[in-house]
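Analysis of the macromolecular model
So you can see what is in the structure, the chains are spelled out below.
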Amino acid sequence: MFPYSRRVHQDAVPSAPALEVRDLTVAYPGTRRLALKGVNLCVPVGAQVALVGHNGAGKSTLLKAVAGLLPARSGSIVIYGNPPGACHHRVAYLPQRGEIDWRFPITLRKLVLTGRYVHLGWFKRPTRKDWLFADEVIDRLGLSALRERQISQLSGGQQQRALLARALAQEAELLLLDEPLNAVDAETRHLMIELLGLLRHEQKTVITATHDLGRLESDFDGALYLAEGREIAPPPGAFSGMKVGALA
Amino acid sequence: MTDIIDWLTAPFQFTFMQTALLAAVLVGLTCASIGVYVVLRRMAFIGDALSHTILPGVVVAYLNGFSLSAGALLAGVGTALGIGWLSRREVIREDTAIGVVFTGMFALGVLLMSQARSFRDFTHILFGNILGVTADDLTLIAVITAGVLLLLFLFHKELELTSFDPIHAEVIGLKASWLRYLLLLLLAFAVVSSIQVVGVVMTSALLITPAAAASLLTHRLWRMMGIAIVIAVASGVIGLYASFYANVSSGAAIVLACTGFFLLAWLWQALRHRLAQPEVEEVWN
């Protein structure tokens, strides 16, 4: 096997939290402005945590840094006791919908199959087992009827579920959802609750960026409030749940 | 009936026509299959630029008596790497950078050409001359075709993923920029192989038009490649007949045949859209 990255598989350190971010500072490459200024976050295994803040607060930046898409300028990120990128299959990042070319000629089934690629590496083709794995996940998320559809012919909610199916096909344990509530229709809230419930059932650790908690308090275990790249105290009366950041 | 068959087979009594036919088929195969990625990744402008920037390489090789193909390859690979590098550091917009580099290189080629005795020697580089393909040219074209198709096959999975979701690729440790370099290099080779056939100025048509036509007809990648290849090869053959019987420029005839296929595909797609009932469909399980 020829893995995509030299560091392929590191076992999770037992008793380590799913994610531990310490004093993290991040700037986008080519700019000086800091998008994150010393953020702390600790998420135990199996917890579901919301990142709450306005656009530009640093929610996406934090998720991207954890996914290994942006380098940390200072501070540290530890995932299941390992540095980011130590085990690529363990983390799945579900981007905002605009970051994928949905018009690309590919079916939902193939999209989900790409979740297996991290286990295949260069040159190896997906085996029958990989296809079956993908089909089984598609079944579980109730997408079987849409399997052969080109991905632009899915509704916003279906596209979200397809990406989630891919994360499950990848056997990811830490899921980073970037604004899954954005640009989805009236079914949104219902869908989100359904998805979180499903992931809880699968015992996944989930971190969700959102600019509006709405009435979802009961579905998250904790929340980190961000503004201009820093953690802020929860607004009066807002949901906070378990302690995940440095402030209350 | 036998008249038609005679008409169709007569040209191929000549060796140069057999060589030309093989060249047309091979170049069509290479350009159309890589062209599908060029179109889907919105790299059409890069394809065009790449073919133009090869000109100074060819002219320098000609003036110094080196192999023209070697000059073209060197310039093409150099440009491919340069474009990849420029577009990685987002100092200026990518299309702006390409616009600057491509016109500059092309102008350099024209300037060098004007130093030579006559422009005439270069017309086959600018506009292609499929009837002038030599056995050596054909060998080079065949090697490039085999190489490009093999690499496209080996890296298909990664090329596909980085085309529609480069972010997921990065998250799983697959560098999208490597695949981009690979595609640019293959593109440079494809362009070099097609210069004899359609020339520097029109090469991008062979890359883009068949793939664009195919993209109107199907939503499946493999089918798209298949249709693009059929269109490119058919256009090559049509152009060959046109230049044999009507004595017109073979490169131009090939490109116009591609354009014709594109128009047909466009019409077909528009008609299908008209006839289809407006579909309102919502499937929730």
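Residues numbered from 1 in each chain as written. Chains lettered and ligands numbered in written order. Predicted model: local features only at pLDDT ≥ 70, side-chain atom pairs only at ≥ 80, totals over all residues.

We now examine the overall build of chain A. Secondary structure assignment for chain A yields six helices and nine strands. Against the globule reference of 18 Å for 248 residues, chain A gives a C-alpha radius of gyration of 18 Å, in line with a compact fold. Taking the principal axes of its C-alpha atoms as reference, chain A extends roughly 50 × 45 × 40 Å. A separation of at least 24 residues holds for 71% of the contacts in chain A among residues at least 6 apart in sequence. (Helix = DSSP H or I, 4+ residues; strand = E, 2+ residues; numbered from the N terminus. Rg over C-alpha atoms; globule rule 2.2 N^0.38 Å. Contact = placed C-beta atoms within 7 Å.)

Turning to the overall build of chain B, a few remarks are in order. A count of helical and extended segments in chain B gives twelve helices and zero strands. Reading the helices (α) and strands (β) of chain B from amino to carboxyl end gives α-α-α-α-α-α-α-α-α-α-α-α. Taken over the C-alpha trace, chain B has a radius of gyration of 20 Å; the compact-globule value for 285 residues is 19 Å, and the two agree within 12%. Overall, the C-alpha framework of chain B stretches about 70 × 60 × 30 Å when taken along its three principal axes. Counting only residues that meet the buried cut, chain B has 47% of its 285 residues in that class. Excluding contacts between residues fewer than 6 apart, the proportion of contacts in chain B whose partners are at least 24 apart in sequence is 76%. (Buried ≥ 20, exposed ≤ 12 C-beta atoms within 10 Å, placed from the backbone.)

Residue and element names in this part refer to chain A. Here six strands make up an open sheet; going across it, the order is 5-6-7-3-8-9 and the pairing mixed. Two strands lie at the open edges of the sheet, namely strand 5 (91-94) and strand 9 (230-232), each paired on one side alone. Direction aside, neighbouring strands of the sheet carry axes that sit 25 degrees apart on average. Sheet topology note: the strand 6 (residues 174-178)/strand 7 (residues 205-210) ladder contains five bridges and is parallel. Paired with leucine 177 across the bridge in strand 7 is threonine 208. (Pairing = 2+ DSSP bridges. Axes fitted to C-alpha atoms, helices over the stretch in contact; angles between N-to-C directions.)

All names here are of chain A. Taken in spatial order, the three strands of this open sheet run 2-1-4, and their pairing is antiparallel. Each having just a single partner strand, strand 2 (34-43) and strand 4 (74-79) make up the two edges of the open sheet. On average, each strand axis in the sheet is tilted by 20 degrees relative to the strand beside it, whichever way the strands run. The sheet contact formed by strand 1 (residues 19-27) and strand 4 spans five bridges and is antiparallel. From the neighbouring strand, leucine 19 faces strand 4, where its bridge partner is isoleucine 79. Of the strands in this sheet, strand 1, strand 2 and strand 4 touch helix 1 (residues 59-66), which is tilted by about 65 degrees from strand 2.

Between its first and last C-alpha, helix 4 (residues 68-88) of chain B extends 30 Å over 21 residues, near the 30 Å set by a 1.5 Å rise per residue. Against helix 3 (44-63), helix 5 (94-115), helix 7 (135-154) and helix 10 (176-217) of chain B lie the buried residues of helix 4 of chain B. (Expected span 1.5 Å × (residues − 1).)

To continue, consider the interface of chain B and chain A. It is common to give the size of an interface as the accessible area that goes away when the parts come together. Each partner contributes to the interface: chain B provides 21 residues, whereas chain A provides 25 residues. Elements supplying a minimum of two residues to the side of chain B that touches chain A: helix 8 (156-164), helix 9 (166-171) and helix 11 (221-245) of chain B. Here the residues of the side of chain B that touches chain A are counted per class, giving eleven nonpolar, five polar and five charged. (Nonpolar A, V, L, I, M, F, W, Y, C, P; charged D, E, K, R; others polar.)

Our next topic: the nonpolar core. Judged by nonpolar contacts, the single largest core of 157 residues is most densely connected at Val112, Leu175 and Leu176 of chain A together with Leu187, Ala228 and Cys258 of chain B. It is helix 10 of chain B that provides the largest number of residues to this core, a total of 24 residues. If sequence neighbours within four positions are ignored, cysteine 258 of chain B has contacts with Ala205, Leu206, Thr209, Pro210, Ile231, Ala232 and Ser235 of chain B. (Core = buried A, V, L, I, M, F, W, Y, C linked by C-beta atoms within 7 Å.)

Time to look at unusual backbone geometry. The bulk of non-glycine residues show a negative phi, and the bulk of peptide bonds are trans. Residues and elements named next belong to chain A. If you check the backbone angles, tyrosine 80 has positive phi at about 50 degrees while not being a glycine. Looking at the element boundaries, tyrosine 80 is found in the loop between strand 4 and strand 5. At glutamine 203, a residue that is not glycine, the phi angle is positive and equals roughly 60 degrees. When you line up the elements, glutamine 203 lands in the loop between helix 6 (188-201) and strand 7. For glutamine 203, a count of 9 C-beta atoms within 10 Å translates into the label exposed.

Residues and elements named next belong to chain B. Here helix 4 crosses helix 10 at 150 degrees, and the two axes come no closer than 9 Å. Considering the angle they form, helix 4 stands roughly antiparallel to helix 10. In the packing of helix 4 onto helix 10, the handedness of the crossing is right-handed. Together, Ser69, Ala72, Leu73, Gly76, Val77, Thr79, Ala80, Ile83, Gly84 and Arg88 of helix 4 and Ser177, Arg180, Tyr181, Leu184, Leu185, Leu187, Ala188, Val191, Val192 and Ile195 of helix 10 make up the contact between the two elements. (Parallel < 35°, antiparallel > 145°, perpendicular 65-115°, else oblique. Left-handed = near helix turned anticlockwise from the far one by under 90°.)

All names here are of chain B. With 26 residues, helix 12 (residues 250-275) should cover 38 Å at 1.5 Å per step; its first-to-last C-alpha distance of 38 Å lies within 8% of that length. Of the positions making up helix 12, those classed as buried are Ser250, Gly251, Ala253, Ile254, Val255, Ala257, Cys258, Phe261, Phe262 and Ala265. Those residues of helix 12 that are buried lie in contact with helix 6 (123-127), helix 10 and helix 11.

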